[in-house]
Amino acid sequence: MSEFPRDRFDLIPDAKAEAAFVDALQKGRLHHAWLLCGVEGSGKATFAYRAARRLLGAAPDPSRGLLGTRPDDPVARLVTAQSHPDLLVLERAVEGGKTKKAISVDQARELPEFFAKSPSQAAYRVAIIDAADDLNLNAANALLKVLEEPPERGVLFLVTHAPGRLLATIRSRCRRLSFPVWPNHALEELVRNRTGVSSADAARIASMAAGSPGQALALASGATLEADLLAQEWVASETVDRAEAMAVADKFRGAEGQERFETLMDRLIAAVKVRALEEGASGARWAELWSRLSELPDRAAAINLDRADVLAGALADLQRTKAGR
């Protein structure tokens, strides 16, 4: 199952948001810029692609919701292939296998040129910025210039996990749609229906996902569940099996190894956080460990530390915390 929002057709992030957008479209009151707000993984980008497909002329499929369309629709296929001439997507660039930390001003400067042209195949030209939080200051100012002079037959979707960090002048020129977190029972149902995992695993995934359907679907892989079980075992046990930890670290090589490392560290940090909350007032040392571990992956990446050494250091810190040192 693809994790890319542009490939999702059966996930309806929020029915109220879809109804608001369709109502504006049908009444001829379509705003030129939409600020899609909510926690990461709450379906904002999925909504943006659903709305974009509708604006670009994809045939409606009511069985998939108000903004639903079929994956085999010609417009939908162009969007999925990232080749629709009337759709521009800005996201952090990948160079040399590494994702940039920000959306650059050069990328943002594509917007005015894109919107200066008339739609070639559709009634609108559409741009998706995923996420607007990733715009650096110069890129944000370049976007602001587009918002100040709304393009004719142009619509922008700005995905944001933290709208308060955006320029107030950007926020004020957009219509806001908020995407709420999903309740656990809805996440469990989503995961069971989409992945076929057991009810017990679906419940565990829902509790890990913190209300995010995107996170829930990403967590539903066997590798993530395995990492979560291992992390919980390490936190709960008196000692960590050194041979087991070395065997795990031996799989950290290459691009796939990087993903395994990041997944395991994420689940270890989460398990430590749960332990800190369970300990309550007496859990200060666990809270301090959680704080240290939370900073560790970014610090390790910044100075290119060996992943096996990072895990060994984290587990040593965990052991000291258990011993009350």
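Note: the structure precedes this text.
Not measured: the values here are computed from a predicted model. (Residues numbered from 1 in each chain as written. Predicted model: local features only at pLDDT ≥ 70, side-chain atom pairs only at ≥ 80, totals over all residues. Heavy atoms only, no water.)

A. Quick peek at the environment of Glu-288. With respect to the secondary-structure elements, Glu-288 resides in helix 14 (residues 284-302). On the basis of relative accessibility, which here comes to 47%, the residue Glu-288 falls in the partly exposed class. Glu-288 sits 15 residues away from Lys-273 along the chain, and the two C-alpha atoms are 9.7 Å apart. (Helix = DSSP H or I, 4+ residues; strand = E, 2+ residues; numbered from the N terminus. Buried < 20%, exposed > 50% of the residue type's maximum accessible area, 1.4 Å probe, protein only.)

B. Molecular detail of helix 8 (residues 184-195). Between its terminal C-alpha atoms helix 8 stretches 16 Å, which fits the 16 Å expected from 12 residues at 1.5 Å a residue. Ala-186, Leu-187, Leu-190 and Val-191 are the residues of helix 8 that are buried. On an axial view of helix 8, the arc spanned by its buried residues comes to 130°, and they lie on one face. Exposed side chains of helix 8 directed beyond 90 degrees from the buried face belong to His-185 and Asn-193. Its buried side turned inward, helix 8 meets helix 9 (199-208) and helix 10 (213-219). Where helix 8 terminates, the next one or two residues include Gly-196, which has phi positive at roughly 75°. (Expected span 1.5 Å × (residues − 1). Arc of directions from axis to C-beta. Contact = heavy atoms within 4.5 Å.)

C. Up close: the nonpolar core. Leu-36, Phe-47 and Phe-157 are the most contacted members of the largest nonpolar core, which has 30 residues in total. For this core, the secondary structure elements donating two or more residues are helix 1 (15-26), strand 1 (33-37), helix 2 (44-55), helix 3 (74-80), strand 5 (125-130) and strand 6 (154-160). Per-element accounting of this core gives the leading share, 7 residues, to helix 2. Apart from the residues within four sequence positions on either side, Phe-47 is in contact with Pro-13, Ala-17, Glu-18, Phe-21, Leu-36, Leu-67, Phe-157, Leu-177 and Phe-179. By size, the runner-up hydrophobic cluster in this structure holds 28 residues, among which are Ala-245, Ala-249, Leu-289 and Leu-293. (Core = buried A, V, L, I, M, F, W, Y, C linked by side-chain atoms within 4.5 Å.)

D. Broad picture of the pattern of salt bridges. Counting across every chain of the model gives 20 salt bridges. Arg-92 is the partner of Asp-134 in a salt bridge, and the nearest nitrogen-oxygen pair spans 3.6 Å. Placement of the pair is Asp-134 in the loop between strand 5 and helix 6 (137-148) and Arg-92 in the loop between strand 2 (87-90) and strand 3 (94-95), with a sequence separation of 42 residues. Its salt-bridge partner being Arg-260, residue Glu-256 comes within 3.7 Å of it at the nearest N-O pair. Here Glu-256 pairs with Arg-260, and both are found in helix 13 (residues 254-279), just 4 residues apart, close to one helical turn. Residue classification places Glu-256 among the exposed residues on the basis of a relative accessible area of 57%. (Salt bridge = Lys/Arg side-chain N within 4 Å of Asp/Glu carboxyl O.)

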